[in-house]
Amino acid sequence: MFSVRMHASRGGKHISGAERIIEDNGIQAASQSLIDRALSHEKGRPDFINISVEALEKPIRHITSLPLVLTHVRNAVEGKALARRLLLTLGIPLLCMEKAISLLENGAAGGESMRGAIVMNMRGERLEPDKYRGVRASRMDITEEASMELACAIEREGLSRYFTHISEALVLATKVESVEGTVAELCWSDDPSYTAGYVASKELGYVRIPHLKREGNCNGGRVFFVDGIDLNNYIHEMEKAPILVNKFGGLRK
Ligand code: AMP
């Protein structure tokens, strides 16, 4: 199996990234569709696109996705209040949670969104070695079968237009929660038109919150809340250990 990854930027600033895990006969099609994505992103046309294709050496872990939990909020104020309640329920200390939210609101990479995630311990300290790049969860994908199960479930809820966003975020959150030491994840997108985000954890699943920012706002990001990790091991697992979601964990409301 091969890992095919795309990263697009303009003037050194991150625009988009995406990746697949596929058999060797799918490399060309996957590369083409990732290039098409890079060229049509709503944040603009890149002046640099990097595609890397690499044989996976480590065994691929097959896992079931976190359950997808749908919530209803009317706006970003209600969405943030819900995210705060969930994070507190999961044992994230108040100060740590407020610092994380404020970093995502204001652009954690010196006013801009990071390319990867903040790694934050229970004292609210940022552990990621590079505060602009952050730590990227990588080498992950979903099988055709699991993808179909997810597509059917969200179609029944009228959410099919968000399929790509939901699928990629669910796979990413599933990988993040599978790495030992992750307590929870908070995310909202930096795509200006996509206001949704989530709080994810092993206990509660991937809790999708439809509004965590106002439409048009370009600031977003991810925070991996961790406890008791060896940072090097944690980053290595997050970036290098391949996982394939081979079953959808179900939908709850
Ligand atoms: P997106 O969900 O693609 O809109 O990404 C929102 C934010 O999450 C980005 O601005 C990055 O800070 C972060 N991010 C995106 N992809 C990853 C990844 N693979 N691993 C860690 N963080 C990511």
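This is a predicted model, so every value here is computed, not measured. (Residues numbered from 1 in each chain as written. Predicted model: local features only at pLDDT ≥ 70, side-chain atom pairs only at ≥ 80, totals over all residues. Heavy atoms only, no water.)

K.L.:
How would you explain the overall build of the chain if you had to name every residue and give the values?
P.N.:
Within the chain, the regular secondary structure consists of six helices and 13 strands. Structurally, the chain occupies a C-alpha span of about 50 × 40 × 35 Å along its principal axes. Out of the 253 residues in the chain, the part that is buried amounts to 51%. If you sum the accessible surface of the chain, you get close to 12000 Å²; carbon and sulfur atoms cover 50% of it. A gap of 4 Å separates the mean positions of the 33 positive and 33 negative side-chain charges of the chain. (Helix = DSSP H or I, 4+ residues; strand = E, 2+ residues; numbered from the N terminus. Buried < 20%, exposed > 50% of the residue type's maximum accessible area, 1.4 Å probe, protein only. Areas by Shrake-Rupley, 256 points an atom, 1.4 Å probe, with all protein chains shown as cover. Lys, Arg positive; Asp, Glu negative; His and termini not counted. Charge placed at Lys NZ, Arg CZ, Asp CG, Glu CD.)

K.L.:
Could you give an account of the pairing of strand E11 (residues 221–226), with specific residues and numbers?
P.N.:
Across the six residues that make up E11, a large majority, five, are buried. As judged from the three bridges shared by strand E6 (residues 118–120) and E11, these two strands associate in the parallel manner. Considered in E11, the bridge of Met120 is made with Phe225. Both strand E8 (residues 182–188) and E11 contribute to a ladder of six bridges, which runs antiparallel. Across the sheet, Glu185 pairs through a bridge with Phe224, a residue of E11. (Pairing = 2+ DSSP bridges.)

K.L.:
So what's going on with the site of the ligand? Residues and values would help.
P.N.:
What surrounds the ligand is a group of 15 residues, the closest being Met114, Gly116, Ala137, Ser189 and Asp190. A distance of 3.4 Å is found between a nitrogen atom of the ligand and a side-chain nitrogen or oxygen belonging to Arg136. The side chain of Ser189 places a nitrogen or oxygen atom 2.7 Å from an oxygen atom of the ligand. At three residues, the largest contribution of residues to the shell around the ligand is made by E11. Tallied by class, the residues present in the shell around the ligand amount to seven nonpolar, four polar and four charged. (Near = heavy atom within 4 Å. Polar contact = N/O pair within 3.5 Å; in protein donor to acceptor, adjacent residues only side chain to side chain. Nonpolar A, V, L, I, M, F, W, Y, C, P; charged D, E, K, R; others polar.)

K.L.:
Describe the nonpolar core, naming the residues involved and giving the relevant values.
P.N.:
Within the largest apolar cluster, 37 residues are counted, with the highest numbers of intra-cluster contacts made by Leu68, Tyr198, Tyr206, Phe224 and Met238. In terms of residue count, the dominant contributor to this core is helix H5 (residues 163–178) (seven residues). Apart from residues lying up to four places away in sequence, Leu68 is in contact with Leu150, Ile154, Ile166, Tyr206, Arg208, Phe248, Gly250, Leu251 and Arg252. Val73, Leu82, Met120 and Leu186 belong to the second largest nonpolar core, which has 28 residues in total. (Core = buried A, V, L, I, M, F, W, Y, C linked by side-chain atoms within 4.5 Å. Contact = heavy atoms within 4.5 Å.)

K.L.:
Help me get a handle on the packing of aromatic side chains, residues and values and all.
P.N.:
Counted by the stated rule, this structure contains two aromatic pairs. Lys80 extends its terminal NZ or CZ atom over the ring of Trp188, reaching a point 5.1 Å from the ring centre. (Phe/Tyr/Trp six-rings, centres within 6.5 Å; stacked < 30°, edge-to-face > 60°. Lys NZ or Arg CZ within 6 Å of the ring centre and 35° of its normal.)

K.L.:
Give me the sheet that holds strand E5 (residues 68–70): which residues, what numbers.
P.N.:
The sheet built from seven strands is open, its strands ordered E6-E11-E8-E9-E10-E5-E13 with mixed pairing. With one partner strand each, in any of the chains shown, E6 and strand E13 (251–252) form the two edges of the open sheet. Across the sheet, H5 lies against E5, E8, strand E9 (197–201), strand E10 (205–209) and E11, angled at about 155° from E8, the strand it touches most. Of the strands in this sheet, E6, E8 and E11 are in contact with helix H6 (residues 231–240), which crosses E11 at around 135°. (Axes fitted to C-alpha atoms, helices over the stretch in contact; angles between N-to-C directions.)

K.L.:
Tell me about unusual backbone geometry, and name the residues and values.
P.N.:
For Arg139, which is not glycine, the phi dihedral falls at a positive 65°. Within the secondary structure, Arg139 sits in the loop between E6 and strand E7 (140–142).

K.L.:
For the pattern of salt bridges, give the residues involved together with the corresponding values.
P.N.:
For the structure shown, the criterion picks out 14 salt bridges. The salt bridge partner of Glu112 is Lys13, with a shortest N-O separation of 3.4 Å. Taken together, the residues span a long stretch of sequence, with Glu112 in the loop between helix H3 (94–106) and E6 and Lys13 in strand E2 (residues 13–22) at a distance of 99 residues. The class of Glu112 is partly exposed, set by a relative accessible area of 38%. Overall, Lys13 belongs to the partly exposed group, its relative accessible area being 48%. In this structure, Asp190 engages Lys43 in a salt bridge whose closest nitrogen and oxygen atoms are separated by 3.1 Å. One end of the pair, Asp190, is in the loop between E8 and E9; the other, Lys43, is in the loop between helix H1 (27–39) and strand E3 (48–55), and 147 residues separate them in sequence. On the basis of relative accessible area, Asp190 is assigned to the buried category, the value being 16%. Ionic contacts of the salt-bridge type, sharing partners, join the residues Arg5, Glu54 and Arg139 into one network. (Salt bridge = Lys/Arg side-chain N within 4 Å of Asp/Glu carboxyl O.)

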